Amino acid sequence: MILAIILSAYNALIFVYMNQYGNKIAFILIGLLGIISLVDLSFAFKESVFFNFIGRNTMIIYVTHFAVYRYLREIVWEYLYDSASLQSEFPYYWILFLAAMVLQFPIIYIANRFFPVLFGKRKK
């Protein structure tokens with residue numbers, strides 16, 4: 001997992017929708033290391049309430065994460081950072097990721113409460 005983080009920090013920006021992957025060997029290694037790390041973590045935290053919650057709501061996160069992340073990034077870039085060079089700094093992306101995950105919880109609650117059918121769940 002540490003190797004994947006180091007490779008991510010030194011790889012170029014990745015835009016899958018534009019077919020730009022930076023260093024392709026690093027991109028493939030990061031993906032494989034990420035898969036291996038998640039499988040190992042899933043066995044270690046099999047009974048975790050948090051991970052079970054995330055697993056049950058994966059579709060909601062999948063549908064809404066890009067919009068949440070995009071708006072959060074625009075707000076942070078507009079009001080907190082003046083320089084575009086700061087956007088390529090390593091901690092910036094981790095802070096945005098954690099903030100986006102925190103913002104996902106109210107979205108998950110609203111989606112489960114009012115729109116469960118849209119995400120393949122039965123009404124309670």
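Residues numbered from 1 in each chain as written. Predicted model: local features only at pLDDT ≥ 70, side-chain atom pairs only at ≥ 80, totals over all residues. Heavy atoms only, no water.

K.L.:
Explain the environment of L72 to me, please; I cannot follow it from the model alone.
P.N.:
Residue position: L72 is located in helix α4 (residues 58-79). On the basis of relative accessible area, L72 is assigned to the buried category, the value being 14%. Distance from L72 to L103, taken between C-alpha atoms, is 9.3 Å for residues 31 residues apart in sequence. With residues up to four places along the chain from it excluded, the contact list for L72 reads L96, A99, A100 and L103. (Helix = DSSP H or I, 4+ residues; strand = E, 2+ residues; numbered from the N terminus. Buried < 20%, exposed > 50% of the residue type's maximum accessible area, 1.4 Å probe, protein only. Contact = heavy atoms within 4.5 Å.)

K.L.:
Looking at this structure, I do not really get a nonpolar patch on the surface. What am I missing?
P.N.:
Nonpolar side chains collect at one region of the surface, where M1, I5, W94, F97 and L98 lie side by side and expose about 490 Å² of accessible area between them. A total of 3 residues in the nonpolar patch trace back to one element, the largest contributor, which is helix α5 (residues 90-114). Looking at the element boundaries, W94 is found in helix α5. A residue is classified by how much of its surface remains accessible, and W94, at 41% relative accessible area, is partly exposed. (Patch = residues over 30% accessible without salt bridge, like charges linked within 9 Å, V, L, I, M, F, W, Y side chains within 5 Å. Areas by Shrake-Rupley, 256 points an atom, 1.4 Å probe, with all protein chains shown as cover. Salt bridge = Lys/Arg side-chain N within 4 Å of Asp/Glu carboxyl O.)

K.L.:
Just checking my understanding: could you explain the packing of aromatic side chains for this structure?
P.N.:
Centre-to-centre distance and the angle between the planes together describe a pair of aromatic rings. This structure, assessed with the given rule, holds 4 aromatic pairs. Measuring from centroid to centroid gives 6.3 Å for F50 and F105, while their planes differ by 55°, and the two rings are tilted. In this pair, F50 sits in helix α3 (residues 49-56) while F105 sits in helix α5, placing the two residues 55 residues apart along the sequence. Exposure remark for F50: the relative accessible area of 42% places this residue in the partly exposed category. Here the aromatic residues F45, F50, F51, F53 and F105 are joined through ring pairs into a cluster of three or more. Geometry around Y71 places R70 over its ring, the cationic atom sitting 4.9 Å from the centre. (Phe/Tyr/Trp six-rings, centres within 6.5 Å; stacked < 30°, edge-to-face > 60°. Lys NZ or Arg CZ within 6 Å of the ring centre and 35° of its normal.)

K.L.:
When you look at the confidence of the model for the protein in this model, what are you seeing that I'm missing?
P.N.:
Interpretation of this model should avoid reading the predicted coordinates in detail wherever pLDDT is low. Predicted confidence across the protein gives a mean pLDDT of 79, with 85% of residues reaching 70 or more. Confidence, read as mean pLDDT per element, is least for helix α1 (residues 2-10) in the protein (74) and greatest for α3 (86). (pLDDT = per-residue confidence, 0-100.)

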